[in-house]
Amino acid sequence: MRTILVVGGGYAGFYTAWKLEKKLRRGEARVIVVDPRPYMTYQPFLPEVLAGSVEERHAAVSLRRHLRRTTVIAGRVTAIDHAHKTATVRPAAGPAFSVGYDIVVVTAGAVTRQLAIPGVAEHAIGMKHVEEAVAIRDRLLTAFDQASALEPGPLRRRLLTVTFVGGGFSGVEGFGELLSLATALQKSYPELSPDELNFHLVEARDRILPEVSDRPGRWVVRSLEKRGARVHLNAELISARNGHVVLSTGAEFDSELIVWTVGNAANPMVRSHTDLPIDQNGMLVVRADLRVGIGTGPGAAPVPDAWGAGDDAAVPDLAAKRSGAATVPNAQNAVRQGKLLARNIVATLRGRKPKPYVHHSLGTIATLGIGRGIFQYRGLVIKGFPAWLMHRGYHVLAVPTWERKIRVLAVWCTAALFGRDIVSLASVQHPRAAFLADSELTAAA
Ligand SMILES: Cc1cc2nc3c(=O)[nH]c(=O)nc-3n(C[C@H](O)[C@H](O)[C@H](O)COP(=O)(O)OP(=O)(O)OC[C@H]3O[C@@H](n4cnc5c(N)ncnc54)[C@H](O)[C@@H]3O)c2cc1C
C-alpha cells in the first residue's frame with residue numbers, strides 16, 4: 001500500500017487529509033499527517049479569541065478527532081529528502097526519526113515575518129497562533145486590573161496603551177476586536193477614564209487593509225479613529241526597546257502591549273531544508289494542478305510524487321488577469337487547494353489526469369469588533385453591522401465540522417445574553433506560584 005505523507009496539518013493539510021479519507025478506497029493508500037500541533041488552527045477566529053468572543057479551544061480543530069483514518073504524528077518535519085523519499089521528523093520529546101513515503105504533500109504554511117527592530121523580539125507578541133491570541137487577551141485584562149489599582153500617571157498610561165504594528169488583514173481585525181473588548185471593559189473599571197485608553201495602529205504604507213480598495217480602506221481608518229484609536233500611516237516602527245515605542249514619524253510613547261502583525265515569511269523548513277524546487281521568495285514551486293513543478297509556466301514538468309498548496313506554495317493564479325500571478329495566501333485558497341489536491345492525488349493513483357486549480361475570489365470580509373465589519377466584493381461594499389453579521393455567518397459555516405460550529409455558536413449566544421468573560425487567566429503560565437507562595441507562608445508561620 002502506498003504512503004501519502006502530509007507535512008503540516010493546518011488549513012491546506014487538514015483538508016487534503018480529510019478529503020483523502022473520503023476519496024481513497026480501502027487499501028489504496030495510507031495517509032500520515034505530521035504537525036507539531038495536535039490541531040488545525042482556524043486562524044480567522046483568532047481576532048475573536050483575542051476579544052473573548054470565541055473560546056480558544058474552539059479555534060483549534062483536533063486532528064485525531066476529525067482525521068480518524070489518518071496516522072497523526074506529533075512532530076516537526078525538519079527536512080524532506082525527496083530523492084530518497086524520506087522526511088526527518090523531530091518529535092517534541094525523544095530523538096528524531098525518518099518517515100518513508102511514496103507521495104509527499106507539503107502544506108507547512110508560512111511563519112510570521114521578523115524584522116530586526118530593537119525590542120521587538122523581547123517585547124512583541126505575534127498573532128498567528130492560539131497561544132498568542134490568549135496571551136494578548138490576558139495581558140490586556142491584567143493591565144486593566146493593574147492600572148485600576150494605580151493613581152493616574154505614566155505607569156497607568158503605559159498599562160492602558162496598546163500598539164499593533166502592521167495594518168494588514170489580521171492586524172486590523174485583531175486591533176478592532178481588542179479595541180471592542182477594551183471599550184466594553186470600561187464599564188467594569190469605573191476607576192479608569194475612557195480617555196486614558198490609548199490604541200495605536202502603526203502601518204508603514206499610506207493605507208491599511210490592502211485587500212479592500214482605497215475608499216473602504218479610508219472608511220475603516222475613520223471608523224477606528226471615531227472609536228478613539230490612533231492610526232499612524234506612513235509610519236515605521238524604529239524601536240520598541242523596553243516597551244518604549246519610537247516611530248519614524250517622531251511619535252514616541254510607552255506601550256505595555258505590542259502586537260506584531262506585519263505579515264508572513266517563507267517557512268524556513270520549506271525554504272532551506274528540502275531538495276524540492278523553491279522560488280526566489282522561498283516558496284515551493286507548484287504547477288496549476290498543485291504538483292510541484294520544475295520551473296514555472298504552463299510547460300513546467302512535474303516533480304513525480306510531490307505536491308504542495310497553501311501559504312508555503314506559489315500556486316499559479318489562473319483566475320487573475322495578470323499572467324504570472326500567484327494565488328493570494330489566504331484560507332479561501334488554502335481550503336480549496338487542499339480539497340483539489342486530494343482529488344488530484346486520487347485521480348493520478350487511478351491513472352486519470354489531475355485538474356488545474358482555478359478560484360475566483362469570493363471577496364474580503366473582516367470583523368472590526370462586535371457589531372462592526374467590512375465586506376467588499378468587486379464594487380460592492382457593505383459596512384458596519386450587516387458586514388459583521390456576514391462575517392460571523394460566513395465563518396461559523398466555514399469552520400470545519402458541525403461539532404465546532406455548534407460550540408462556537410453556543411458561545412456567541414451565551415455572550416449575547418450574559419456578555420463575555422473578563423477574567424485574566426495569565427496565572428496559568430505559572431501554575432506552581434500559588435502553591436509555592438502558600439508553602440513559604442506555612443514554613444514562616
Ligand atoms: C489572525 C489571522 C486571521 C486570518 N483571517 C483570515 C480570513 O478571515 N480569511 C482568510 O481567507 N484567511 C485568513 N487568514 C489567513 C489564513 O488563515 C491562512 O492563509 C491559512 O491558514 C493558510 O493555510 P496553510 O495550510 O497554508 O497554513 P497554516 O494554516 O498556517 O498551517 C500550516 C501548518 O503546518 C504546520 N507546520 C509548520 N511547519 C511545519 C513543519 N516543519 N513540520 C510539520 N508541520 C509544520 C503548522 O503547525 C500548521 O499547523 C488569517 C490569518 C491570520 C493569522
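All figures in this text were calculated on a predicted structure; none of them were measured in a lab.

Here we look at the sheet that holds strand β7 (residues 97-100)
Phase 1 of the analysis: Pairing within the open sheet is mixed, and its eight strands lie in the order β7-β6-β5-β2-β1-β8-β20-β19. Here the strands that pair on one side only, and so sit at the sheet edges, are β7 and β19 (291-294). For this sheet, the mean inter-axis angle between neighbouring strands, taken without regard to orientation, is 45 degrees.
Phase 2 of the analysis: Relative to strand β2 (residues 29-35), strand β1 (residues 2-7) is paired through six bridges, and the arrangement is parallel. For L5, the partnering residue across the bridge sits in β2 and is I32.
Phase 3 of the analysis: Sheet contacts for helix α1 (residues 11-23): β1, β2 and β8 (103-106); angle to β2, the most-contacted strand, approximately 160 degrees.
Phase 4 of the analysis: Along the sheet, helix α10 (residues 331-349) contacts β1, β2, β8, β19 and β20 (301-308); its crossing angle with β20, the most-contacted strand, is approximately 130 degrees.

Examining the pairing of strand β16 (residues 257-260)
Phase 1 of the analysis: By the alternation rule, side chains of β16 split into L257 and V259 and I258 and W260, which are all buried.
Phase 2 of the analysis: One ladder, built from four bridges, connects strand β10 (residues 161-165) with β16; its direction is parallel. Counted as the bridge partner of T163 is I258 from β16.

Side note on a positive patch on the surface
Phase 1 of the analysis: A cluster of basic residues, K22, K23, R25, K339, R343, R352 and K355, forms a positive patch at the surface.
Phase 2 of the analysis: Sorting the residues of the positive patch by element identifies α1 and α10 as the ones contributing at least two each.
Phase 3 of the analysis: Along the chain, K22 turns up in helix α1.

Here is what the cut-offs are and how they apply
Residues numbered from 1 in each chain as written. Predicted model: local features only at pLDDT ≥ 70, side-chain atom pairs only at ≥ 80, totals over all residues. Heavy atoms only, no water. Pairing = 2+ DSSP bridges. Helix = DSSP H or I, 4+ residues; strand = E, 2+ residues; numbered from the N terminus. Axes fitted to C-alpha atoms, helices over the stretch in contact; angles between N-to-C directions. Contact = heavy atoms within 4.5 Å. Buried < 20%, exposed > 50% of the residue type's maximum accessible area, 1.4 Å probe, protein only. Patch = residues over 30% accessible without salt bridge, like charges linked within 9 Å, V, L, I, M, F, W, Y side chains within 5 Å. Areas by Shrake-Rupley, 256 points an atom, 1.4 Å probe, with all protein chains shown as cover. Salt bridge = Lys/Arg side-chain N within 4 Å of Asp/Glu carboxyl O. Lys, Arg positive; Asp, Glu negative; His and termini not counted. Charge placed at Lys NZ, Arg CZ, Asp CG, Glu CD.

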